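So the chains spell out like this:
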Amino acid sequence: MKVYESIFITILVMISYNVTIAQEHVLGQWKTIDDSTGEAKSIVEIYKVGDKLYGKIKRILKESDRKKACIACEGKNYNKPIEGMVIIKKLRKNEDEYEGGTILDPENGKVYKCKIWVDLSNPNILNVRGYIAFFYRTQQWIKV
C-alpha cells in the first residue's frame, strides 16, 4: 500500500510542477511579429497581477515609431504613447491557456477578446488570439 501512495504522490507532484512551469513560461518578454509582413514590431512584457495576466508594450522596435500615440484609441488611451501602453488585460488561467480578458490593437484602437497559450511544439512561441464572436486572428510571438 505504501508503494502505491508513494507513486500517487510522485505523480501529483510532477503534474503540479509541470502546470507551474507552463504558467511561468507565459510570463516575461515576447517579440511581437506582424503576421502579414513577418516583421518584428515590439517587445511586450506579460506579467501577473493577483491571479490575472496583463501585457504592456515595453519597446517599439522601429525607432521612428517610438513616439507614436494611439490616435485611434478611445477613453483613457486616446492620444497616449503606444510604447508603455497596457494592451493585454485580465486574462485568467483555464487549463493550459489564459483567456477571458482583452487585447488592444493600437494600430486601429479596437479591443478584442483574447486568449494566449504557449505552443506545444515550441515553448518559445506564444500564440496570441484576438477574436470577435467566431472570427479570430492568431499571431505567434517569440520569447525574448
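All figures in this text were calculated on a predicted structure; none of them were measured in a lab.

A. Structural detail: the overall build of the protein chain. Looking only at helices and strands, one finds 1 helix and 8 strands in the protein chain. Secondary structure elements of the protein chain occur, N-terminal to C-terminal, as α-β-β-β-β-β-β-β-β. Taking all 144 residues of the protein chain together, the buried fraction comes to 31%. The contacts in the protein chain between residues at least 6 apart in sequence include a share of 35% that link residues at least 24 apart. Carbon and sulfur atoms make up 56% of the accessible area of the protein chain, which amounts to about 9,600 Å² in all.

B. Summary view of the nonpolar core. Residues Val26, Ile46, Ile116, Leu126 and Trp141 are the most contacted members of the largest nonpolar core, which totals 23 residues. Listed by contribution, the elements that provide at least two residues to this core are β2 (40–49), β3 (52–60), β4 (86–94), β5 (97–105), β6 (110–118) and β7 (125–132). With near-sequence residues (within four places) excluded, isoleucine 116 lies in contact with Val26, Leu53, Leu91, Glu97, Tyr98, Leu126, Asn127 and Val128.

C. How the structure looks around the packing of aromatic side chains. One pass over the full model with this rule turns up 2 aromatic pairs. Ring geometry for tyrosine 47 and tyrosine 54: centres 6.0 Å apart, planes at 20 degrees, overall stacked. The class of tyrosine 47 is partly exposed, set by a relative accessible area of 25%. Judged by relative accessible area, which is 17%, tyrosine 54 ranks as buried. When the ring centre of tyrosine 98 is taken as reference, the NZ or CZ atom of lysine 93 above it lies at 5.3 Å.

D. Geometry of the sheet that holds strand β8 (residues 135–143). Here 8 strands make up a closed barrel; going around it, the order is β1-β2-β3-β4-β5-β6-β7-β8 and the pairing antiparallel. Neighbour to neighbour, the strand axes of the sheet diverge by 35 degrees on average, direction disregarded. Inspection of the sheet shows β6 paired to β7 by 6 bridges, in the antiparallel sense. What sits directly across from valine 118, in β7, is leucine 126.

E. Focus on the environment of aspartate 34. Here aspartate 34 lies in the loop between β1 (28–33) and β2. Residues aspartate 34 and tryptophan 141, spaced 107 residues apart in sequence, show a C-alpha to C-alpha distance of 9.1 Å.

F. Main features of the environment of glutamine 29. Within the element layout of this structure, glutamine 29 appears in strand β1. Sequence separation of glutamine 29 and isoleucine 46 is 17 residues, and the distance between their C-alpha atoms is 6.2 Å. Excluding anything up to four places from it in sequence, glutamine 29 contacts Ile43, Val44, Glu45, Lys58, Ile142, Lys143 and Val144.

G. Here's a closer look at the side chain of threonine 32. Relative to the assigned elements, threonine 32 resides in strand β1. When its relative accessible area of 8% is taken as the criterion, threonine 32 is described as buried.

Analysis parameters
- Residues numbered from 1 in each chain as written.
- Predicted model: local features only at pLDDT ≥ 70, side-chain atom pairs only at ≥ 80, totals over all residues.
- Heavy atoms only, no water.
- Helix = DSSP H or I, 4+ residues; strand = E, 2+ residues; numbered from the N terminus.
- Buried < 20%, exposed > 50% of the residue type's maximum accessible area, 1.4 Å probe, protein only.
- Contact = heavy atoms within 4.5 Å.
- Areas by Shrake-Rupley, 256 points an atom, 1.4 Å probe, with all protein chains shown as cover.
- Core = buried A, V, L, I, M, F, W, Y, C linked by side-chain atoms within 4.5 Å.
- Phe/Tyr/Trp six-rings, centres within 6.5 Å; stacked < 30°, edge-to-face > 60°.
- Lys NZ or Arg CZ within 6 Å of the ring centre and 35° of its normal.
- Pairing = 2+ DSSP bridges.
- Axes fitted to C-alpha atoms, helices over the stretch in contact; angles between N-to-C directions.

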